[in-house]
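# Inside the fold
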Amino acid sequence: LAQLAVGGLRLVVPSALSQPAVTVRYLVRSGASVPDAATTVGASQSAQLVATAAVVGVLGLGTGPGWSPMGGGALAVGAAVLAGLAGVAAVAASLSRRVRGWLRVAWRSQQDLAAHARRHPGRVGVGLLASAGLTLTHVLAFAACVAAAGGSLPLLTLVAVYLGAAAAGSLVPTPGGIGAVEAALVAGLAAAGLALPVATAATLLSRLVAVWLPALPGLAAVAVLRRRHLL
């Protein structure tokens, strides 16, 4: 129900906030502490990132040695962002006793989660496989929408367009990434060689399948969780 609720609330909350906010609130209402809930959500999103990179890497194996799923520039940007966040945290901790307390609590939650993962490696494997399956399913659904609109592109090209549009949706703070994702999908498909009408039709069909239809059971899930005081 909590995962379905994300699909309903993403129409009113930016995509980058809807899933962590809903999941953390659900876990807290279910009895978890705020640090444990936040750590769990962070681990889930990290697993999704790792699984996505693995799926792209596996799909890229058939394209030859010249293809790399993550260029050096992307790695450098990612490392710079992580270093910047670590620097901000260090400065904030040095200036505020409360921040130091929060960081200590968060560190203990991470240690507890790591210990749990070591005791239950099977669950870690299931989580990673499920995350990879989620990414692969989204990509294949997007490819099916492109084919239904009369387009034909290599799967890796569709992966790049889809993931680029998803990144644009996360960076632009609009509910569900509305506007930014559509523009990125149309532009990416058109740049890859599809005619503009076909790219537009594929984009609209994909967004209908991925965003608007799941919102219907999502809103129902929100109502159920609120009635149970879990959201």
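What you see is a predicted model; the values in this text were computed from it and never measured.

Let us look at the packing of aromatic side chains. The description of two aromatic rings rests on the distance between their centres and on the angle between their planes. If you walk through the whole model with that rule in mind, you get one aromatic pair. Consider the rings of Phe 142 and Tyr 162, whose centres lie 5.7 Å apart with planes at 40 degrees: the pair is tilted. Here Phe 142 is found in helix H6 (residues 121-148), whereas its partner Tyr 162 is found in helix H7 (residues 155-171), with 20 residues between them in sequence. We classify Phe 142 as buried; its relative accessible area is 1%.

Another aspect to go through is the packing of helix H1 (residues 2-9) against helix H9 (residues 196-227). In the contact formed by H1 and H9, the axes pass within 6 Å of each other and the chain directions differ by 120 degrees. Classified by the interaxial angle, the pair formed by H1 and H9 is oblique. Along this stretch, H1 crosses H9, giving a crossing that reads as left-handed. Listed contacts from H9 to Ala 2, Leu 4, Ala 5, Gly 7, Gly 8 and Leu 9 of H1 are Val 211, Pro 214, Ala 215, Pro 217, Gly 218, Leu 219, Ala 221, Val 222 and Leu 225. Grouping the constituent residues of the contact of H1 with H9 by class yields twelve nonpolar, three polar and no charged.

What follows concerns the pattern of salt bridges. Tallying each qualifying case throughout the model produces one salt bridge. For Glu 182, the salt bridge is made with Arg 207, and the minimal N-O distance between the two is 2.9 Å. Taken as a pair, Glu 182 in helix H8 (residues 180-191) and Arg 207 in helix H9 lie far apart in primary sequence, 25 residues in all. Like Glu 182, the residue Arg 207 is buried in the burial classification.

Contact pair H8 / H9: the axes reach a minimum separation of 9 Å and the direction vectors enclose 140 degrees. With respect to each other, H8 and H9 are oriented oblique. Crossing of H8 against H9: the hand is right-handed. Facing H8, whose interface residues are Val 181, Glu 182, Leu 185, Val 186, Leu 189 and Ala 190, H9 presents Leu 196, Ala 199, Thr 200, Ala 202, Thr 203 and Arg 207. Classifying every residue of the contact of H8 with H9 gives eight nonpolar, two polar and two charged.

Turning to the environment of Leu 189, a few remarks are in order. Inspection of the secondary structure assignment puts Leu 189 in helix H8. For the pair Leu 189 and Ala 160, spaced 29 residues apart in sequence, the C-alpha to C-alpha distance is 9.9 Å. Setting aside chain neighbours within four positions, we find Leu 189 in contact with Phe 142, Val 146, Leu 153, Leu 158, Val 161, Leu 194, Ala 199, Ala 202 and Thr 203.

Residue-level pLDDT values for the protein chain average 80, and 81% of them are 70 or greater. Looking over the protein chain, one finds the lowest element-wise mean pLDDT in helix H4 (residues 72-95), namely 56, and the highest in H9, namely 92. Low pLDDT, under 50, characterises residues 64-75; the predicted model gives this stretch six contacts beyond four residues in sequence or across chains.

Here is what the cut-offs are and how they apply
- Residues numbered from 1 in each chain as written.
- Predicted model: local features only at pLDDT ≥ 70, side-chain atom pairs only at ≥ 80, totals over all residues.
- Heavy atoms only, no water.
- Phe/Tyr/Trp six-rings, centres within 6.5 Å; stacked < 30°, edge-to-face > 60°.
- Helix = DSSP H or I, 4+ residues; strand = E, 2+ residues; numbered from the N terminus.
- Buried < 20%, exposed > 50% of the residue type's maximum accessible area, 1.4 Å probe, protein only.
- Axes fitted to C-alpha atoms, helices over the stretch in contact; angles between N-to-C directions.
- Parallel < 35°, antiparallel > 145°, perpendicular 65-115°, else oblique.
- Left-handed = near helix turned anticlockwise from the far one by under 90°.
- Contact = heavy atoms within 4.5 Å.
- Nonpolar A, V, L, I, M, F, W, Y, C, P; charged D, E, K, R; others polar.
- Salt bridge = Lys/Arg side-chain N within 4 Å of Asp/Glu carboxyl O.
- pLDDT = per-residue confidence, 0-100.

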